Amino acid sequence: MAANLEQKIADAGSPQTMLWESQSPPIVSTPVTPEFTNWRDEQLAWRSNAVLYDQSHHLADLNIRGKDALKLIRDTAINSVEYFPVDAAKQYVAVNEEGQLIGDNILFRYEEDEFQAVGIPPTINWLQYHAETGGYDVELVRDNPSYARKGNPLWYRYEIQGPGAFNVIRELIGGEPPDVKFFHGTRFTIAGKMVRALRHGMAGEPGFEFVGPWVDHEIVRAALLAAGKKHDMIQVGGRAYLTNSLESGWLPRPLPAFYAGKSTEGFRKWLPADEIDANVSLGGSFFSENIEDYCFSPYDVGYGKIVKFDHDFVGRTALEAQVAAGQTTANRKVTLQWNGDDVAKAWASMYQPGVGAKFINLPIAHYATYHYDRVEAPDGSFRGRSLHTGYSANYRSMLSIAVVDATVAEPGTELVVVWGEPKPSSKVQVENHVQFKIRATVHPAPIDAHARTSYRKNA
């Protein structure tokens, strides 16, 4: 049995083989109710009403405390931490020494020397690795997602958002909420419990995220539901929740750039073979034997605006070289709106023996942890990769978040998404199929005009 990720890759023969043949499912279930009403009505509610998200179970948390906590973050983040007040948050983004994206998470500053990173495992593991091997004077408390942990979470996370969110929050706190800027926080007393509140919203609508110790979760959740009942607040289940980033334009799962390369060898030897990042899967119609073809720079995925060279950090030299070489505008993140007729034909083809397309699951249409589909021009030439796909009831169509050549990134451009694996894998969730080509129209990311404009006006 392999002891760490490096040995596991060696046993498989390559990182591509290990990931492509992994049997890990694309989405692991959590204790969150899948649907409270139905996922379509729950999607519609975050544009028309107020909704409640339960974010307590699907993410990893890393609490970082000590005199070197800010130094650890500064040394590994591409974004600046020069302005980072207590009770605020930042989107922490990390790259490897070659300037390839590791990923992002949300980083809360709870006290002067206490931070909490919240996100999917890659950047949580990246921070923990550097903290444990870099000589930093910090204390760490790690809490894995519920699917990778026994027992309850350490913290609850609930979010109220939508056009009617502030009606519920007024009811909840008995008065007008404080004027808090985007990604800044405050503290409320709810049902006698101190609750941290962060101003933001997952689908590009206004709201607050509430955080506190798990021991208080039942009392706080009951208070949220009671306040929401007076304003017809809708609870969003686990199925619909996974689709909100399709509308807000966030790319949740680019493959982290630590599965190959000399600079991340130490990380691979540090990461246990039974950890989450050593057991994920890779699939989709984009296939390459070179794992680096799945990697991005932060400029590719729209993070160029937060890169700050006001501090030294892992990967700074490589990113400066990308800027000097004019490589920061080669690709753009976009939203693709899939052609409804083609999607219908793909569904219908499933009933034709021998020629059926890969089944399109709804509302999220992934069949691997990291899902990459090939994007082509109408003439069949390669133009990019589509990574996050699902159905939006608000747009009455399949949407995906993609990274494409800047030459084809203008809104209204017609492209083609290839659906189905070109190289059959042993993944149990991939049945026999033929590939299917689906036309798609380019839109901005976020596709929602409010999320692109007025949503962040107080940032």
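Every value quoted in this text rests on a predicted model; they were computed, and no experiment measured them.

A. Up close: the overall build of the chain. In terms of helices and strands, the chain carries 13 helices and 19 strands. What you see for the chain is a C-alpha radius of gyration of 22 Å, in line with the 23 Å of a compact globule of 459 residues. Each principal axis of the C-alpha distribution contributes one length, and for the chain these read about 60 × 50 × 45 Å. Residue burial in the chain is summarised as follows: out of 459 residues, 58% are buried. Summed over its atoms, the accessible surface of the chain is roughly 18200 Å², and 51% of this surface lies on carbon and sulfur atoms. For the chain, the distance from the average site of its 45 positive side-chain charges to the average site of its 55 negative ones is 3 Å.

B. Helix α12 (residues 340-349), seen in detail. Listing the buried residues of α12 in full gives Asp 342, Val 343, Ala 346 and Ser 349. Buried residues of α12, viewed axially, fall in a sector of 125°; they line one side. Tucked inside the fold, the buried residues of α12 contact β13 (331-338), β17 (397-405) and β19 (436-443). One side-chain oxygen of the residue at the start of α12 lies 3.0 Å from the amide nitrogen of Asp 341, identifying that residue as Asn 339.

C. The arrangement of the sheet that holds strand β18 (residues 414-419) in detail. Here we have six strands rolled up into a closed barrel, ordered β13-β17-β16-β15-β18-β19, and antiparallel in their pairing. With strand direction ignored, the average angle separating the axes of adjacent strands in the sheet is 40°. Relative to β17, strand β16 (residues 382-392) runs antiparallel, the two sharing eight bridges. Note on β17: the bridge partner recorded for Arg 385 is Val 403.

D. Focus on unusual backbone geometry. In the segment running from Leu 362 into Pro 363, the intervening peptide bond is cis, with an omega of 0°. Looking at the element boundaries, Pro 363 is found in the loop between α12 and β14 (370-371). With an omega dihedral of 10°, the bond running from Ala 445 to Pro 446 counts as a cis peptide bond. In this model, Ala 191 sits at a positive phi of 50°, which is unusual for a non-glycine residue. Here Ala 191 lies in the loop between β8 (185-190) and β9 (193-199). At Arg 396, a residue that is not glycine, the phi angle is positive and equals roughly 50°. Mapped onto the elements of the fold, Arg 396 is located in the loop between β16 and β17.

E. Region of interest: the packing of aromatic side chains. Counted under the stated rule, the structure contains 27 aromatic pairs. Taking the centre distance of 5.9 Å and the plane angle of 80° together, the rings of Trp 39 and Tyr 391 count as edge-to-face. In this pair, Trp 39 is assigned in helix α3 (residues 39-48) and Tyr 391 in strand β16, connecting sequence segments 352 residues apart. Each ring, one from Phe 258 and one from Phe 267, has its centre 4.4 Å from the other, and the planes form 35°; the classification is tilted. Each member of the pair, Phe 258 as well as Phe 267, carries the same accessibility label: buried. A connected cluster of aromatic rings, assembled from ring pairs, spans Trp 126, Tyr 129, Phe 258, Tyr 259, Phe 267 and Trp 270. Against the face of Trp 20 rests Lys 427, its NZ or CZ located 4.3 Å from the ring centre.

F. Just the sheet that holds strand β11 (residues 234-235), in detail. Taken together, six strands build an open sheet; the order of strands is β8-β9-β10-β7-β1-β11 and the sheet is mixed. Across the chains shown, the open sheet's two edge strands, defined by having one partner strand only, are β8 and β11. Relative to strand β10 (residues 207-213), β9 runs antiparallel, the two being bridged by four bridges. The residue bridging Arg 199 from the neighbouring strand is Phe 208, located in β10. The sheet strands contacting α3 are β1 (51-54), β7 (155-161) and β11, and the helix crosses β1 at an angle near 120°. Sheet strands in contact with helix α6 (residues 165-173) are β7, β8, β9 and β10, and its direction is about 40° off that of β10.

Conventions we followed
Residues numbered from 1 in each chain as written. Predicted model: local features only at pLDDT ≥ 70, side-chain atom pairs only at ≥ 80, totals over all residues. Heavy atoms only, no water. Helix = DSSP H or I, 4+ residues; strand = E, 2+ residues; numbered from the N terminus. Rg over C-alpha atoms; globule rule 2.2 N^0.38 Å. Buried < 20%, exposed > 50% of the residue type's maximum accessible area, 1.4 Å probe, protein only. Areas by Shrake-Rupley, 256 points an atom, 1.4 Å probe, with all protein chains shown as cover. Lys, Arg positive; Asp, Glu negative; His and termini not counted. Charge placed at Lys NZ, Arg CZ, Asp CG, Glu CD. Arc of directions from axis to C-beta. Contact = heavy atoms within 4.5 Å. Polar contact = N/O pair within 3.5 Å; in protein donor to acceptor, adjacent residues only side chain to side chain. Pairing = 2+ DSSP bridges. Axes fitted to C-alpha atoms, helices over the stretch in contact; angles between N-to-C directions. Phe/Tyr/Trp six-rings, centres within 6.5 Å; stacked < 30°, edge-to-face > 60°. Lys NZ or Arg CZ within 6 Å of the ring centre and 35° of its normal.

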